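What follows is the residue order along each chain.
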Amino acid sequence: MQIDRIQYDGFGHGPNVTRGSAPENRPMFTLPPMDTASTGAYDDVRTASRALATEAVHAGRDDLARQGLHAPPIDLSTTYPSYDSRAEAARIDAFAADGADPAGPPVYGRLGNPTVARFETALARLEGTESAVAFASGMAALSAVLLACSAAGLRHVVAVRPLYGCSDHLLTAGLLGTEVTWTDPAGIAGALRPDTGLVMVESPANPTLAELDLRAIAHACGSVPLLADNTFATPVLQRPAEQGARLVLHSATKYLGGHGDVLAGVVACDEEFAGRLRQIRFATGGVLHPLAGYLLLRGLSTLPVRVRAASANAAELARRLAADPRVARVRYPRLGGAMVAFEVHGDPHEVISRVRLVTPAVSLGSVDTLIQHPASISHRIVDAEDRRGAGVSDRLLRLSVGLEDVDDLWADLDRALGAPPVRQLTPLREAVR
């Protein structure tokens, strides 16, 4: 079987692919240690003062005990009373000037919401940024970033494929008036222009799981903001702001929510850029509903535990897939994580049709395991030539591994993969000729 260990070598000259044949029952890639019986592989990751696991539970909730509360309240108000219209006018003027959160009580749901603000505070703490701004979806969050750059006269974007299919389409189609230059990591510095407002990357990438050297890319960006999509890794596995990214994007629908029941996006960044994003959000209305903010804050509290457990399952499934003759290629990040990509020798659509425990569905990051065919769904919107050039082959399947028992998951995948290929034996007369 051919195994590709895809990475960008340092600041890199594009993808460096190591190929080799895999002996039976022997994985061809290095996996991070995942001891689920221990306190966890990532417990030593710390924010400014507290371990990440502690911060995940307490960030955004620090004031609750003083209020006599244990669970965060949900504020569903769309508007708030004010008997001092002069003061209200001054607060609105201040928001218009720099986009800072209005001091004092809330004004209107489109300016901000206390429940959503708790989630934003918590996510910023986990990512190690000054601020975070939440939106109705991940695409709404990316759209706000692009609009903020365009408003400053910076309409050019430099991007590295692969990205999530809809992100790719938004940039390529120029739907928001932007122009994109696609390049590999080594070409970023040369692709920058005076009107470049953003460099966008995704690592590990969707769906190939290619990994980038974010620190080297941030250096190549110079003064141009680097936006790193951290949806697959989450702050449990990496914090791009510590490596020089100014903007960290999440489809919060995925691991941050973690249960497949909330649609959201968020950008973690410095306060200056956050102010611009709040102004865009206010003007365009891409706000996050308070109930979604509540579910996301609740999801963050178990994020480290979920990521550890799902990553352990994913690493084991990657090992088993790598040793299976029905699988042509396995991709699993050196960083770890709960995503596995693999190519089959047979028909990938047949594999999709035969799963029973695993759910054939788009999205990822839930407590249950999902599988999908990127070329048909998540990346269908990307031009076929560009898609294949980014490593998204027609035989590639993307597996978002959940929290089920790993043996049950493997039994389902084993059945779905079907019968092993028939070995072609050399006829005897050919052998003796």
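The name an unreviewed UniProt entry gives the protein chain is PLP-dependent transferase, with Streptomyces bangladeshensis as the organism. UniProt, in its Sequence similarities (unreviewed entry) section for the protein chain, records the words "Belongs to the trans-sulfuration enzymes family." According to UniProt, the comment filed for the protein chain under the heading Cofactor (unreviewed entry) is "pyridoxal 5'-phosphate".

Quick look at the nonpolar core
Grouped burial of nonpolar side chains is what soluble globular proteins tend to show. In this structure, Phe119, Leu256, Val266, Leu288 and Leu296 are the most contacted members of the largest nonpolar core, which totals 39 residues. Top contributing element to this core by residue count: helix α3 (residues 114-127), with six residues. Apart from residues lying up to four places away in sequence, Leu288 is in contact with Val116, Phe119, Ala134, Phe135, Ala136, Leu263, Ala264, Gly293 and Leu296.

So, the confidence of the model for the protein chain
Of the residues in the protein chain, 86% have a pLDDT of 70 or more, and the chain-wide mean is 88. Low pLDDT, under 50, characterises residues 1-43; the stretch is placed with 111 contacts to residues that sit more than four places away or in other chains.

Comments concerning the sheet that holds strand β4 (residues 156-159)
Spatially, β3-β9-β8-β7-β6-β4-β5 is the arrangement adopted by the seven strands of the open sheet, whose pairing is mixed. Both edges of this open sheet fall to β3 (131-135) and β5 (179-182), since each of them pairs with a single strand only. Ignoring which end each strand starts from, the neighbouring axes of this sheet average 20 degrees apart. Looking at chain direction, β4 and β5 are connected through four bridges and run parallel. Note that in β5 the partner of Val158 across the bridge is Thr181.

Quick notes on the pattern of salt bridges
Here the structure, examined in full by the defined rule, presents 25 salt bridges. For Arg50, the salt bridge is made with Glu55, and the minimal N-O distance between the two is 2.5 Å. For Arg50, a relative accessible area of 22% translates into the label partly exposed. For the salt bridge of Arg246 with Asp270, the shortest nitrogen-to-oxygen distance reads 2.6 Å. Taken as a pair, Arg246 in the loop between α8 (234-237) and β8 (247-250) and Asp270 in the loop between β9 (265-269) and α9 (271-284) lie far apart in primary sequence, 24 residues in all. Overall, the relative accessible area of 25% leaves Arg246 in the partly exposed class.

Here's the deal with the side chain of Ser203
Note on placement: Ser203 falls in the loop between β6 (196-202) and α7 (214-221). Residue classification places Ser203 among the buried residues on the basis of a relative accessible area of 4%. A distance of 2.9 Å separates the side chain of Ser203 from the backbone nitrogen of Leu212, its partner in a polar contact. What Ser203 contacts, discounting residues up to four positions off in sequence, is Ala210, Glu211, Leu212, Leu214, Asp229, Asn230, Ala233 and Gln238.

With respect to the environment of Arg398
Structurally, the position occupied by Arg398 is in strand β14 (residues 396-400). For the pair Arg398 and Thr208, spaced 190 residues apart in sequence, the C-alpha to C-alpha distance is 8.1 Å. Each residue touching Arg398, except ones within four places of it in the same chain, is listed here: Asn206, Pro207, Phe232, Met339, Val340, Ser363, Leu364, Leu370, Ile371, Gln372, Pro374 and Ser378. Among the polar contacts listed, one links the side chain of Arg398 to the backbone oxygen of Ser363, at a separation of 3.1 Å.

Some words on the packing of helix α4 (residues 138-151) against α9
Close contact between α4 and α9 brings their axes to 9 Å; oriented N to C, the two are set at 105 degrees. When the axes of α4 and α9 are compared, the pair comes out roughly perpendicular. Packed against α4, whose contacting residues are Ala144, Val145, Leu147, Ala148 and Cys149, the element α9 presents Phe273, Arg276, Leu277, Ile280 and Thr284 at the interface.

Details of the sheet that holds strand β13 (residues 370-372)
Ordered by their spatial adjacency, five strands build an open sheet running β10-β11-β14-β13-β12, and the pairing between neighbours is mixed. Two strands in the sheet have a free side with no partner beyond their single neighbour: β10 (327-331) and β12 (359-360). Where β13 meets β14, three bridges bridge the pair, whose relative direction is antiparallel. Directly across from Ile371, in β14, lies its bridge partner Leu399. In this fold helix α11 (residues 303-322) packs onto β10, β11 (339-344) and β14, with an angle of close to 15 degrees to the strand it touches most, β11.

What counts and how
Per-chain numbering applies: the sequence of each chain, read as written, is numbered from 1 onward. Residues qualify for local features only when their pLDDT is at least 70, as the model is predicted, and side-chain atom pairs are given and counted only at 80 or more; totals for whole chains, interfaces and linings, by contrast, use all residues. For the side-chain quantities, the full set of heavy atoms in the structure was used; hydrogens and water were omitted. UniProt positions are given in the numbering used here, feature names are shortened, and annotations may be inferred rather than shown by experiment. Each nonpolar core is a collection of buried residues, namely Ala, Val, Leu, Ile, Met, Phe, Trp, Tyr and Cys, held together in the definition by side-chain atoms within 4.5 Å. Exposure classes here rest on a 1.4 Å probe applied to the protein chains alone. A residue is buried below 20% of its type maximum, exposed above 50%, and partly exposed in between. By definition, any uninterrupted DSSP run of H or I lasting at least four residues is a helix, any uninterrupted run of E lasting at least two residues is a strand, and each is numbered from the N terminus. The contact definition used throughout considers only heavy atoms, calling two residues in contact when any of these lie within 4.5 Å. For every residue, the predictor reports its confidence as pLDDT, a number between 0 and 100. Note on pairing: DSSP must find at least two bridges between two strands before they are called paired. Here the axes come from fitting lines to C-alpha atoms, over the contacting stretch only for helices, and the angles between their N-to-C directions go from 0 to 180 degrees. The term salt bridge refers to a side-chain nitrogen of Lys or Arg lying within 4 Å of a carboxyl oxygen of Asp or Glu. A 3.5 Å cut-off defines polar contacts: any pair of N or O atoms within that distance qualifies, except that in protein one atom must be a possible hydrogen donor and the other a possible acceptor, and neighbouring residues in sequence count only when both atoms are side-chain atoms. Oblique is the label for every angle not falling under 35 degrees (roughly parallel), over 145 degrees (roughly antiparallel), or within 65 to 115 degrees (roughly perpendicular).

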